[in-house]
Amino acid sequence: MILELMPYRACYPIFKVIYSAAANAKHNMGLNEEYLVIIKATVDEGTTVKKLKPRARGRSYTIKRPTCHITIVLKDISLYEESVVENSIGMGQKINPLGFRLGTIQGHHSLWFAQPKNYSKGLQEDQKIRECIKNYVQKNMRISSGVEGIARIEIQKRIDLIQIIIHMGFPKLLVEGKPRRIEELQMNVQKELNYVNRKLNITITRITKPYGHPNILAEFIAGQLRNRVSFRKAIKKAIELTEQADTKGIQVQIAGRIDGKEIARVEWIREGRVPLQTIRAKIDYCSYRVRTIYGVLGIKIWIFVDEE
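Residues numbered from 1 in each chain as written. Predicted model: local features only at pLDDT ≥ 70, side-chain atom pairs only at ≥ 80, totals over all residues. Heavy atoms only, no water.

Draft legend 1. Expanded view of unusual backbone geometry. The backbone of R228 shows a phi angle near 65 degrees, a positive value even though the residue is not glycine. With respect to the secondary-structure elements, R228 resides in the loop between α7 (214-226) and α8 (231-244). The class of R228 is exposed, set by a relative accessible area of 59%. Located in the positive-phi region is D259, a residue other than glycine, with phi close to 55 degrees. (Helix = DSSP H or I, 4+ residues; strand = E, 2+ residues; numbered from the N terminus. Buried < 20%, exposed > 50% of the residue type's maximum accessible area, 1.4 Å probe, protein only.)

Draft legend 2. Focus on the sheet that holds strand β7 (residues 249-256). Reading across from one edge, β8-β7-β10-β9 is the order of the 4 strands in this open sheet, with antiparallel pairing throughout. Both edges of this open sheet fall to β8 (265-272) and β9 (281-292), since each of them pairs with a single strand only. Adjacent strand axes in the sheet meet at a mean angle of 10 degrees when their direction is disregarded. In this structure, β7 lies alongside strand β10 (residues 295-307), joined through 7 bridges in antiparallel fashion. Across the sheet, residue V252 finds its bridge partner in β10, namely I301. This element, α7, spans β7, β9 and β10 of the sheet and lies at about 25 degrees to β9. In the packing of α8 onto the sheet, the strands contacted are β7, β8 and β10, and the crossing angle to β8 comes to about 25 degrees. (Pairing = 2+ DSSP bridges. Axes fitted to C-alpha atoms, helices over the stretch in contact; angles between N-to-C directions. Contact = heavy atoms within 4.5 Å.)

Draft legend 3. Broad picture of the nonpolar core. If you look at the biggest cluster of nonpolar residues, it comprises 23 residues, and the most contacted ones within it are I221, L225, I254, I299 and I301. Those elements that place two or more of their residues in this core are α7, α8, β7, β9 and β10. In this structure, L225 is in contact with F231, I254, V290, T292, L297 and I299, ignoring residues within four places of it in sequence. Counting 18 residues, the second-largest nonpolar core is a separate cluster that includes Y136, L193, Y195 and L200. (Core = buried A, V, L, I, M, F, W, Y, C linked by side-chain atoms within 4.5 Å.)

Draft legend 4. Region of interest: the confidence of the model for the chain. The pLDDT averaged across the chain works out to 84; a share of 90% of its residues lies at or above 70. In the predicted structure, residues 81-91 sits below a pLDDT of 50 and forms 1 contact with residues beyond four places in sequence or in another chain. (pLDDT = per-residue confidence, 0-100.)

Draft legend 5. Representation of the side chain of E125. Positionally, E125 belongs in helix α4 (residues 119-140). You can call E125 buried: its relative accessible area is 19%.

Draft legend 6. Representation of helix α1 (residues 11-29) in the model. Between its first and last C-alpha, α1 extends 26 Å over 19 residues, near the 27 Å set by a 1.5 Å rise per residue. Every buried residue of α1 is accounted for by C11, F15, I18, A21, A22 and A25. Projected onto a plane normal to the axis of α1, the buried residues spread over an arc of 130 degrees and lie on a single side. Along α1, the residues that are exposed and aim more than 90 degrees away from the buried face are Y12, H27 and N28. The secondary structure elements touched by the buried residues of α1 are β1 (36-54) and β2 (60-76). Positive backbone phi, approximately 70 degrees, marks G30, located one or two places after α1. (Expected span 1.5 Å × (residues − 1). Arc of directions from axis to C-beta.)

Draft legend 7. Local environment of the packing of aromatic side chains. Under the definition given, this model contains 6 aromatic pairs. Ring centres 6.4 Å apart and planes at 35 degrees place the aromatic pair Y12 and F15 in the tilted group. Residue Y12 and its partner F15 are located together in helix α1, separated by 3 residues, close to a single helical turn. Residues Y211 and F220 carry aromatic rings whose centres are separated by 6.1 Å and whose planes lie at 80 degrees to one another, so their mutual orientation is edge-to-face. In textbook terms, an aromatic cluster arises when at least three aromatic residues are bridged by ring pairs, as seen for Y12, F15 and Y19. Positioned over the ring face of W112 is K157, at 4.8 Å from the centre of the ring. (Phe/Tyr/Trp six-rings, centres within 6.5 Å; stacked < 30°, edge-to-face > 60°. Lys NZ or Arg CZ within 6 Å of the ring centre and 35° of its normal.)

Draft legend 8. Region of the structure containing the packing of α7 against α8. Across the interface, α7 lies against α8 with an axial gap of 9 Å and an inter-helix angle of 150 degrees. Regarding the angle of α7 to α8, the classification is roughly antiparallel. Considering only the axes of α7 and α8, their crossing is right-handed. Contacts between α7 and α8 involve L217, F220, I221, Q224 and L225 from the first element and F231, A234, K237, A238, L241 and T242 from the second. Classifying every residue of the contact of α7 with α8 gives 8 nonpolar, 2 polar and 1 charged. (Parallel < 35°, antiparallel > 145°, perpendicular 65-115°, else oblique. Left-handed = near helix turned anticlockwise from the far one by under 90°. Nonpolar A, V, L, I, M, F, W, Y, C, P; charged D, E, K, R; others polar.)

Okay, here's the thing in C-alpha cells:
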C-alpha cells in the first residue's frame, strides 16, 4: 500500500486501521479483500492524555497529548456490481444531438433499404454523392465568399430512381446566369458514380431563413476566420444573424490554434437557451472543419429552433 511508503507520521497508524478493518471483514463476515473499497473515512477528536513531567525542587508540570479516533468504512463492490453499472450508464456523455433525437422529432437524411452485405456500399455511395455536389457548388458559385449555402442534402433511393433534394439558402447564386446547371450537376454525379440502369433526379429547395441553419452559419464563420477576422467578432456577427432568423438560442464553439496562438484552446459563446438534454427540443447541430494558415480549426454549432 502506498501509505507504507509515504514519509508522514500519520500514514502508519492509518495503514494499521485500514489493514485491521480489512482483516475483520474477511474473518468475521467472510468477504473477499480484493473487492473491498473505502467509502468513508472520518477522524474525530478523542480523549486528552495528561502526564506529569518532574522539575527541580519537587515541582512538575502537565503535558497534554490530544488523541483522535479514526473510523474507516469498507464496502464490498462485488455485491453492488449491477447498481454500479446502471449508475455508470446514466452519467452524462457527449452525444450527437441529431442522433439523440432520431425517431422522435428528427428524421433521417438518407432513406433507402439494403441487405446487410450491401449496407456499407450504400453508405459510401451517399458520401460520394454529397461530396460531389459540394465540390460542384463550391466551384460554380457566383460569389467568392466561400459560403456554399447548403443546409443539408436528402437522398431517397428506390429500385430504379435516386431522388436528391438539396436544401440551399442561396440557390440564385448557383442557378442565376446558367439555368442548365442542375442538368450539369446531374451529369457530373452520374459520371462520378457510373449510374447506368438508375435514373437520377436532383431538385433544389430554397430555405427562407438560411442563417437559422448551423451548416450555413459554420461556413460563414469559417470564411471570416480564413480572412483573419477575430474569432469573437466572427461569432458575435453569426449570433446577430441567427437572431434575425427567430431562433431561441445558439451555442458556438471553436477549438484549435485560435488567432494563431501557439497553444491550442477551446472557446465557446452561448446566447439564449440550448437545452441539449430535452428530447422534445428541436436542436440543429453541425461540426465543421476549416483550414487556416495557422492550422486546422474545428467549429461546432448548436441552434435551439423550437420546442415541440
